[in-house]
Amino acid sequence: MAGLIERYIDRMPEEVTSHIVSIEEGSTPLVPAPALSERVDADVYLKLEGANPTGSFKDRGMTCAVSAAAREGAEAVICASTGNTAASAAAYAARAGMTCAVLVPEGKIAAGKLAQALIYGARVISLNGNFDVALQLVRDLADHHPISLVNSVNDFRLEGQKTSSFEIVDEIGPIDLLTIPVGNAGNITAYWKGFKEYDQAPELNGYQAAGAAPLVEGRRVENPETVASAIRIGNPARWEEAMAAITESRGAVRAVTDDEILDAYRWLPANEGVFCEPASAASVAGLIKNGVSDAARAKAEGGRPKVVCVLTGNGLKDPDTAFDNVGSVIPCEPEMGQLEKAVLGQ
Ligand code: AN7
């Protein structure tokens, strides 16, 4: 399967089509979720963005941002990141033969993402400050040096990320509701752009973590805190556009607590066989908490409403949070009596 720029080339700006840097991202599974469907009385699908080459949706935007940088002859890219953007930028820079620097908040990035950024060969800088501070710093730095900024303030990122909406509609037709985690607010903005380009208008429900919910509270959060480190963001760069998208879709942005996020984070793998990272589980936690709106049900015109939860990142990204939220392994000597006890739980 070709990468998403080639697949949707007619809907891509020309800046990204002449020097394509791709790892065949996109074309991710859209998996029916029978247990969740029953819980919320709707036909729910999970968009498994963790199946992208670096394990998150960021690859959709990064193929475009790095392709545009390649066309400009850029030799280096930089981003601030809570982890996934860093991993993705590092991979696409490696692919393009560029150098990459990433600025991540010290101690607040999941182990898998850090390992990825390093193994792809990025220069990883651990900032004694949060994501919002890091983003401001790299924006200033990129203004003064010949380094291409690949955060989602880069418009090409959205051009890539909008293709997930195309894939959904191409695969299952019009949907009634989309639930999605919101951090820096680029992705929800991109989904809306994609739906609009396809003349679609599903209701968008964005979910933030309660300790990092600037869009819900209508003000910057100086010290965002949440177990969902990917969305530990207090001053989203795409604030206005995301709010416009939510309003136009007659949707809502709401908060889910860390406990609600972790409940969904454990429930989904145990009931659907799908493991996502904590930030992604916010979309499922939100759907479980708030259900499907009457308006979205009405759109389904008597049928069962079609709902998509966007699972933005792979569960393997964050093994520490997984271990913190499950039981322990069972030790066993190589002896049948012990093994029977261990296996049968008696
Ligand atoms: C798994 O990597 O901001 O609202 O620096 O990694 O578009 O920011 C990650 C964000 C949701 C939120 N789910 O998307 C970064 C970064 C996961 C994420 C989001 C992120 P946006």
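In what follows, the structure referred to is the one given above.
Here, residues in each chain are numbered from 1, in the same order as that chain's written sequence. For a predicted model such as this one, the threshold for reporting local features is a pLDDT of at least 70, and the threshold for listing and counting side-chain atom pairs is 80 or more; totals across whole chains, interfaces and linings nevertheless cover every residue. Note that water and hydrogens are dropped before the side-chain values are worked out from all heavy atoms of the structure.

Caption draft 1: View of the overall build of the chain. Looking only at helices and strands, the chain features 16 helices and 10 strands. Only C-alpha atoms enter the radius of gyration, while the globule expectation follows 2.2 Å times N to the 0.38, with N the number of residues. Its C-alpha radius of gyration of 20 Å places the chain within 12% of the 20 Å reference for a compact globule of 346 residues. For the chain, the spread of C-alpha atoms along the principal axes amounts to about 65 × 55 × 45 Å. The buried share of the chain, taken over its 346 residues, is 56%. Contacts: residue pairs with any heavy atoms within 4.5 Å of one another. Taking the intrachain contacts of the chain between residues at least 6 apart in sequence as the baseline, contacts between residues at least 24 apart amount to 72%. Accessible surface computed for the chain: about 14600 Å², of which carbon and sulfur atoms make up 50%. For the chain, the separation between the mean place of its 30 positive charges and that of its 46 negative charges on side chains is 2 Å. Secondary structure counts use DSSP, requiring at least four H or I residues in a row for a helix and at least two E residues in a row for a strand, with both numbered from the N terminus. Whether a residue is buried, partly exposed or exposed follows from its accessible area with a 1.4 Å probe, protein chains only, as a fraction of its type maximum: under 20%, in between, or over 50%, in that order. Exposure was quantified through the Shrake-Rupley algorithm and a 1.4 Å probe, taking into account, for residues, occlusion by the shown protein chains and nothing else. For the purpose of counting charges, residues Lys and Arg are taken to be positive, whereas Asp and Glu are taken to be negative. His and the chain ends are not included. The atom standing in for a charge is NZ when the residue is Lys, CZ when it is Arg, CG when it is Asp and CD when it is Glu.

Caption draft 2: Representation of the pattern of salt bridges. Basic side-chain nitrogens of Lys or Arg form a salt bridge, by our definition, when they fall within 4 Å of a carboxyl oxygen of Asp or Glu. Per the stated rule, a full pass over the model turns up 19 salt bridges. We note a salt bridge from arginine 304 to aspartate 41, for which the minimum N-O separation is 3.5 Å. Here aspartate 41 lies in the loop between helix H2 (34-40) and strand E2 (43-48) and arginine 304 lies in the loop between helix H14 (294-299) and strand E10 (306-311), a separation of 263 residues in the sequence. The shortest N-O distance in the salt bridge between arginine 60 and glutamate 167 comes to 3.0 Å.

Caption draft 3: Representation of the side chain of threonine 179 within the structure. Within the secondary structure layout, threonine 179 lies in strand E7 (residues 177-181). N or O atoms closer than or at 3.5 Å make up a polar contact, with two conditions inside protein: a donor-capable atom paired with an acceptor-capable one, and, for residues adjacent in sequence, both atoms drawn from side chains. Within polar-contact distance, the side chain of threonine 179 engages the backbone oxygen of serine 283 at 3.1 Å. Once you skip the residues sitting within four places of it in the chain, threonine 179 turns out to touch Asn205, Tyr207, Ser283, Leu287, Val308, Cys309 and Val310.

Caption draft 4: Local environment of the nonpolar core. Definition of nonpolar core: a set of buried residues of the types Ala, Val, Leu, Ile, Met, Phe, Trp, Tyr and Cys, connected through side-chain atoms within 4.5 Å. Membership of the largest hydrophobic core comes to 34 residues, with the highest contact counts inside it found for Leu36, Val44, Leu46, Leu268, Leu287 and Leu311. Apart from residues lying up to four places away in sequence, leucine 268 is in contact with Leu46, Gly273, Val274, Cys276, Val284 and Leu311.

Caption draft 5: Focus on the site of the ligand. The environment of the ligand is formed by 23 residues, the closest being Asn84, Asn184, Ala185, Asn187 and Thr312. Residue threonine 82 places a main-chain N or O atom 2.8 Å away from an oxygen atom belonging to the ligand. A distance of 2.8 Å separates an oxygen atom of the ligand from a polar backbone atom of glycine 183. Assessed atom by atom at 2 Å from the grid points, the ligand resides in the largest cavity. Where the shell around the ligand is concerned, the elements lending two or more residues are helix H4 (84-96), helix H9 (186-197) and helix H13 (278-290). Those domain boundaries reflect an automatic or database domain assignment. Formed jointly, the shell around the ligand draws a minimum of three residues from each of two domains, domain 1 (4-56 + 156-318) and domain 2 (58-154). To be near a molecule or strand, a residue needs just one of its heavy atoms within 4 Å of it. Think of a 1 Å grid over the protein atoms and nothing else: a 1.4 Å probe that fits but is trapped marks a cavity, an open set flanked by protein within 12 Å on at least five of seven lines marks a pocket, and residues with an atom within 4 Å of a point count as lining. More than half of a molecule's atoms within 2 Å of the grid points is what it takes for that molecule to sit in a cavity or pocket.

Caption draft 6: Quick peek at the sheet that holds strand E3 (residues 76-80). The criterion for strand pairing is that DSSP finds at least two bridges linking the strands in question. The strand order across the open sheet built from 4 strands is E5-E4-E3-E6, with neighbouring strands paired in parallel fashion. Of all the strands in the sheet, just strand E5 (123-127) and strand E6 (148-149) have a single pairing partner and so form its edges. Where helices are involved, their axes are fitted lines through C-alpha atoms of the stretch in contact, as for all axes, and angles between N-to-C directions lie from 0 to 180°. Along the sheet, helix H6 (residues 131-144) makes contact with E3, strand E4 (99-105), E5 and E6, crossing E3 at roughly 150 degrees.

Caption draft 7: Representation of the packing of helix H3 (residues 58-71) against H4 in the model. It is at 9 Å that the axes of H3 and H4 come closest, and there the two elements cross at 40 degrees. The angle between the axes of H3 and H4 places the two elements in the oblique class. In this structure, H3 meets H4 at a crossing whose hand is right-handed. Taking contact as the criterion, the partners of Lys58, Asp59, Met62, Thr63 and Val66 in H3 are, on H4, Asn84, Thr85, Ser88, Ala89, Tyr92 and Ala96. Residues belonging to the contact of H3 with H4 are distributed by class as follows: 5 nonpolar, 4 polar and 2 charged. Any angle that is under 35 degrees is reported as roughly parallel, and any over 145 degrees as roughly antiparallel; angles of 65 to 115 degrees are reported as roughly perpendicular and all others as oblique. The hand of a helix crossing depends on one turn: near helix anticlockwise from the far one by less than a right angle means left-handed, and clockwise means right-handed. As a working rule, the residues Ala, Val, Leu, Ile, Met, Phe, Trp, Tyr, Cys and Pro are called nonpolar, Asp, Glu, Lys and Arg charged, and the rest polar, with Gly in that last group.

Caption draft 8: Expanded view of the sheet that holds strand E1 (residues 30-32). The sheet built from 6 strands is open, its strands ordered E1-E2-E10-E7-E8-E9 with mixed pairing. The open sheet has two edge strands, E1 and strand E9 (252-256), and neither has a second partner. Here the average twist between neighbouring strands, direction ignored, is 25 degrees. As defined by bridge partners, E2 adjoins E10 across 6 bridges and the pair is classed as parallel. Of the residues in E10, the one forming a bridge with lysine 47 is valine 310. Across the sheet, helix H8 (residues 163-172) is in contact with E1, E2, E7 and E10; its angle to E2 comes to roughly 135 degrees.

Caption draft 9: Empty space enclosed by the protein, seen in detail. Grid points are joined across faces, edges and corners, and a volume is the space filled by probe spheres set on the points. Tallied over the entire structure, the rule returns 1 cavity of 30 Å³ or more. There is about 310 Å³ of room inside the largest cavity. Of all the elements in the fold, those that place two or more residues in the lining of the largest cavity are H4, helix H7 (155-161) and H9. Split by residue class, the lining of the largest cavity holds 11 nonpolar, 13 polar and 3 charged. Of the domains in this structure, domain 1 (4-56 + 156-318) and domain 2 (58-154) are the two that each give at least three residues to the lining of the largest cavity.

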